[in-house]
Amino acid sequence: MERDGDGGSLFFRGLQNRSHEKMKLRTRKSTLYLSQQKSTGRGGDLLGENIYLVLFTIALRICNCFLVQTSFVPDEYWQSLEVAHHMVFNYGYLTWEWRERLRGYTYPLIFASIYKILHLLGKDSVQLLIWIPRLAQALLSAIADLRLYSLMKQLENQQVARWVFFCQLCSWFTWYCCTRTLTNTMETVLTIIALFYYPLEGSKFMNSVKYSPLVAIAFIIRPTAVILWIPLLFRHFWQEQKKLDLILHQFLPIGFVTLSFSLITDRIFFGQWTLVQYNFLKFNVLQNVGSFYGSHPWHWYFSQGFPAVLGTHLPFFIHGCLLAPKRYRIFLVTVLWTLLVYSMLSHKEFRFIYPVLPFCMVFCGYSLNNLKLWKKPALSFLFLSNMFFALYTGLVHQRGTLDVMTNIQELCYNNTSSASVLMMMPCHSTPYYSHVHHPLPMRFLQCPPDLSGKGDYLVEADIFYLNPLKWLYREFQNDSTLPTHLIIFSILEEEINPFLISNKYERTAVFFHTHFPERRTGSHIYVYERKLKGKLNQT
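Residues numbered from 1 in each chain as written. Predicted model: local features only at pLDDT ≥ 70, side-chain atom pairs only at ≥ 80, totals over all residues. Heavy atoms only, no water.

- Where an unreviewed UniProt entry is consulted, the chain appears under the name Mannosyltransferase, with the organism given as Lipotes vexillifer.
- Turning to the chain, the UniProt annotation filed under Subcellular location (unreviewed entry) states: "Endoplasmic reticulum membrane". (UniProt positions renumbered as here; feature names shortened; annotations may be inferred.)

**Overview of the overall build of the chain**
Right, on to step 1. Scanning the chain from N- to C-terminus turns up 24 helices and seven strands.
Right, on to step 2. Sorting the 539 residues of the chain into buried and exposed places 51% on the buried side.
Right, on to step 3. A sequence separation of at least 24 residues applies to 74% of the contacts in the chain between residues at least 6 apart.
Right, on to step 4. If you sum the accessible surface of the chain, you get close to 26200 Å²; carbon and sulfur atoms cover 62% of it. (Helix = DSSP H or I, 4+ residues; strand = E, 2+ residues; numbered from the N terminus. Buried < 20%, exposed > 50% of the residue type's maximum accessible area, 1.4 Å probe, protein only. Contact = heavy atoms within 4.5 Å. Areas by Shrake-Rupley, 256 points an atom, 1.4 Å probe, with all protein chains shown as cover.)

**As for the state of the cysteines**
Right, on to step 1. All chains considered together, the criterion is met by one disulfide.
Right, on to step 2. Residue pairing for Cys 427: its cysteine sulfur links by disulfide to Cys 447, the two sulfurs lying 1.7 Å apart. Handedness here is read from the sign of the S-S torsion; for Cys 427 and Cys 447, about 75 degrees, the answer is right-handed. Of this pair, Cys 427 sits in the loop between β3 (421-424) and β4 (442-444) while Cys 447 sits in the loop between β4 and α22 (460-466), and the two are 20 residues apart along the sequence. Each member of the pair, Cys 427 as well as Cys 447, carries the same accessibility label: buried.
Right, on to step 3. For the unlinked cysteine Cys 65, the closest cysteine sulfur is that of Cys 178, found at 8.7 Å.
Right, on to step 4. Given a relative accessible area of 0%, Cys 65 falls into the buried group.
Right, on to step 5. Cysteine Cys 178 is unpaired, with the sulfur of Cys 177 as its nearest cysteine sulfur at 8.0 Å.
Right, on to step 6. With a relative accessible area of 1%, Cys 178 lands in the buried category. (Disulfide = S-S within 2.5 Å.)

**Re helix α12 (residues 208-221)**
Residues lying three or four places apart along an α-helix face the same way, a consequence of the helix completing one turn every 3.6 residues.
Right, on to step 1. Counted at 1.5 Å a residue, the expected span for α12 with its 14 residues is 20 Å, and the 20 Å between its end C-alpha atoms agrees.
Right, on to step 2. Along α12, the positions that sit buried rather than exposed are Ser 208, Tyr 211, Ser 212, Leu 214, Val 215, Ala 216, Ala 218, Ile 220 and Ile 221.
Right, on to step 3. Its buried side turned inward, α12 meets α7 (106-120), α11 (183-197), α13 (225-239), α14 (243-270) and α15 (276-286). (Expected span 1.5 Å × (residues − 1).)

**What about the sheet that holds β3?**
Right, on to step 1. Strands sit in the order β4-β3-β5-β7-β6 across an open sheet of five strands; the sheet is mixed. Of all the strands in the sheet, the pair left with one neighbour each is β4 and β6 (505-512). When the angles between neighbouring strand axes are averaged without regard to direction, this sheet yields 20 degrees.
Right, on to step 2. Contacts between helix α21 (residues 400-414) and the sheet are confined to β3, β4, β5 (485-489), β6 and β7 (524-530), with β6 contributing the most and set at about 135 degrees to the helix. (Pairing = 2+ DSSP bridges. Axes fitted to C-alpha atoms, helices over the stretch in contact; angles between N-to-C directions.)

**Quick word on the pattern of salt bridges**
Working definition: two side chains of opposite charge can pair if their charged atoms are close together.
Right, on to step 1. Per the counting criterion, the structure on display carries 15 salt bridges.
Right, on to step 2. Here Arg 399 ties to Asp 403 by a salt bridge, and the two come within 2.7 Å at their closest N and O atoms. This pair shows no difference in class: Arg 399 is buried, exactly as Asp 403 is.
Right, on to step 3. Across the pair Glu 475 and Arg 443 runs a salt bridge whose closest N-O atoms are separated by 2.9 Å. Here Glu 475 is found in helix α23 (residues 468-475), whereas its partner Arg 443 is found in strand β4, with 32 residues between them in sequence.
Right, on to step 4. What makes Arg 443 partly exposed here is its relative accessible area of 28%.
Right, on to step 5. Among the charged side chains, a salt-bridge network with shared partners connects Asp 75, Arg 103, Glu 349 and Arg 351. (Salt bridge = Lys/Arg side-chain N within 4 Å of Asp/Glu carboxyl O.)

**Some details on the environment of Tyr 149**
Right, on to step 1. Mapped onto the fold, Tyr 149 is located in helix α8 (residues 126-155).
Right, on to step 2. Look at Tyr 149 and you get buried, because its relative accessible area is 4%.
Right, on to step 3. C-alpha of Tyr 149 to C-alpha of Val 362: the two residues are 213 residues apart in sequence and 9.6 Å apart in space.
Right, on to step 4. If we ignore the near neighbours within four places in the chain, the residues touching Tyr 149 are Glu 49, Leu 53, Gln 158, Ala 161, Arg 162 and Phe 165.
Right, on to step 5. A distance of 3.3 Å separates the side chain of Tyr 149 from the side chain of Gln 158, its partner in a polar contact. (Polar contact = N/O pair within 3.5 Å; in protein donor to acceptor, adjacent residues only side chain to side chain.)

**Here's the deal with the UniProt feature "transmembrane region" (unreviewed entry) in the chain**
Right, on to step 1. On the UniProt side, "transmembrane region" (unreviewed entry) is annotated at positions that read residues 212-234, 246-264, 298-318, 330-346, 352-371 and 378-395 here.
Right, on to step 2. The span residues 212-234 carries 87% helix and 0% strand; its end-to-end C-alpha distance comes to 13 Å.
Right, on to step 3. Regarding residues 298-318, the helix share stands at 76% and the strand share at 0%, and the terminal C-alpha atoms are separated by 22 Å.

**Quick notes on a nonpolar patch on the surface**
Right, on to step 1. There is a patch of nonpolar side chains on the surface, built from Leu 46, Leu 47, Ile 51, Tyr 52 and Leu 55 and spanning about 470 Å² of accessible area.
Right, on to step 2. With three residues, helix α3 (residues 51-66) is the largest single contributor of residues to the nonpolar patch.
Right, on to step 3. Given a relative accessible area of 39%, Leu 46 falls into the partly exposed group. (Patch = residues over 30% accessible without salt bridge, like charges linked within 9 Å, V, L, I, M, F, W, Y side chains within 5 Å.)

**Some details on α21**
Right, on to step 1. Relative to the 21 Å expected for 15 residues at 1.5 Å per residue, α21 spans 21 Å between its end C-alpha atoms, a close match to the ideal helical length.
Right, on to step 2. Buried residues dominate α21, accounting for eleven of its 15 residues.

**What to know about the nonpolar core**
Right, on to step 1. In this structure, Ile 408 and Met 423 are the most contacted members of the largest nonpolar core, which totals 148 residues.
Right, on to step 2. A domain-level breakdown of this core finds at least three residues from each of domain 1 (51-396) and domain 2 (399-530).
Right, on to step 3. Not counting residues up to four positions away in its chain, the partners in contact with Met 423 are Met 405, Ile 408, Thr 430, Tyr 432, Met 442, Arg 443, Phe 444, Leu 445 and Ile 487. (Core = buried A, V, L, I, M, F, W, Y, C linked by side-chain atoms within 4.5 Å. Domains from an automatic or database assignment.)

**Considering the packing of α8 against helix α9 (residues 158-170)**
Right, on to step 1. Following both chains from N to C, one finds α8 and α9 inclined at 155 degrees, their axes separated by 8 Å at the closest point. As far as their axial angle goes, α9 and α8 are roughly antiparallel. Of the two possible hands of crossing, α8 and α9 adopt the one that is right-handed. Across the interface between the two elements, Asp 145, Leu 146, Leu 148, Tyr 149, Met 152 and Lys 153 from α8 touch Gln 158, Val 160, Ala 161, Arg 162, Val 164, Phe 165, Gln 168 and Leu 169 from α9.
Right, on to step 2. Considered class by class, the residues forming the contact of α8 with α9 number nine nonpolar, two polar and three charged. (Parallel < 35°, antiparallel > 145°, perpendicular 65-115°, else oblique. Left-handed = near helix turned anticlockwise from the far one by under 90°. Nonpolar A, V, L, I, M, F, W, Y, C, P; charged D, E, K, R; others polar.)

**Some words on empty space enclosed by the protein**
Right, on to step 1. Applying the stated criterion across every chain yields a total of six cavities of 30 Å³ or more.
Right, on to step 2. One number sums up the size of the largest cavity: a volume of about 110 Å³.
Right, on to step 3. Taken together, 16 residues line the largest cavity, and the ones lying closest to its centre are Arg 103, Gly 104, Thr 183, Ile 220 and Ile 221.
Right, on to step 4. If you list the elements that add at least two residues to the lining of the largest cavity, you get α7, α12 and α15. (1 Å grid on protein atoms, 1.4 Å probe; cavity = no way out; pocket = protein on both sides within 12 Å on 5 of 7 lines; lining within 4 Å. Points joined across faces, edges and corners; volume = space filled by probe spheres on them.)

The following block contains the structure:
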């Protein structure tokens, strides 16, 4: 606050001096004049910031949204848009988490509301169903960016705030994630906005009544959000003089109202009372069911995950940690605590630690503010390197699974009567009905985890990949059950070629997917169509 006070007093003193030079005779300052002066001083503000800065940030995130045309993880569709589509249009597919009631309907309800409004207006085209939710998420992310800037302007000064804002906007991983319909994205947005109201030394907008509901909502949407907030909540409780009042008059009532809303919402859609937050923590933390989808060594976040997410911000983060004042130690503790707790879980993903990035940007901005000789080269390096990764991952890497959905969309409106699709790919590789919006018969290889405790359990996808050709001949013994279209990764083509030839399948479309094919994921996606005698001339 001292720096803000010094900089602000010098600035206003300069304005005052100039005003006295121009109007020496004006000594009277009426209450009306002062109120008008204050109102005009903030007349160009929006969300507490300059309107041009707000519009720039919103425009940037909208551009960000349209420049991310790749897929990241299945959850950005299957735990949000697919559920919302099923809620509104009563068809689609819900994954095993919804049958086991591990996920709550609070987050999908946001997109279901958007879908319902579009449906009532008669504007529920497939393109609007795809892009409007993402644009809504982009808008929320822009608000979070502005709140981070405002927070740092309070805690430090406008100059430091600008560098933190710059680091936040040019972070490649933030660019990659902030417009996706992921629960991790919403968790990050809520975390930043809650931090704006969190009682930090120097903050002018600290308000427990405002930050507590945001933390509670983050927990409702993604229960593991509480991990990040444990150090912050403990610090608040430790420094609070009226501890009992804090718990009885703020935390408990807010928690009760938020949890009640979640319980009622899930009761409506599940048809029975369910505490999904408990189920989520029991399956993913206590029973460690998440390891079914892959496990990593304990040090993965420190040796690979965190450095990759930070990217070229990493040296600035380390430098900033050495320079930042002690009051930011709680931010560093929060980052390290979150990484340590997540490291104890065997299933690890980059997106799980996305919410710690805004904390890291504070240290990166502090580093840039203290650079003297190498500031311009550092800025150029940071901007160019992050933009390269942002544009590559947003426009090139793993785009085929979205591009192929346009082919299915065309199929729906050109041949709706007899078309059917089989996706022979790792399960949940593509979106589903939220990106088709037509009750076209579709099937994919399923992969629910083993909840019965069988040691020799294999999912359908694993059985298929053990011997794809054998699986196909066993599954389709009757020609009448064959799908009209097959979607496969290029890596599978040679192995199932006899089946394709014998059943008159011809390749009709090719989509680039990635420069880094893996064991079951090829560089391209192929679409095969069954060409029967009566359809040889059809395209």
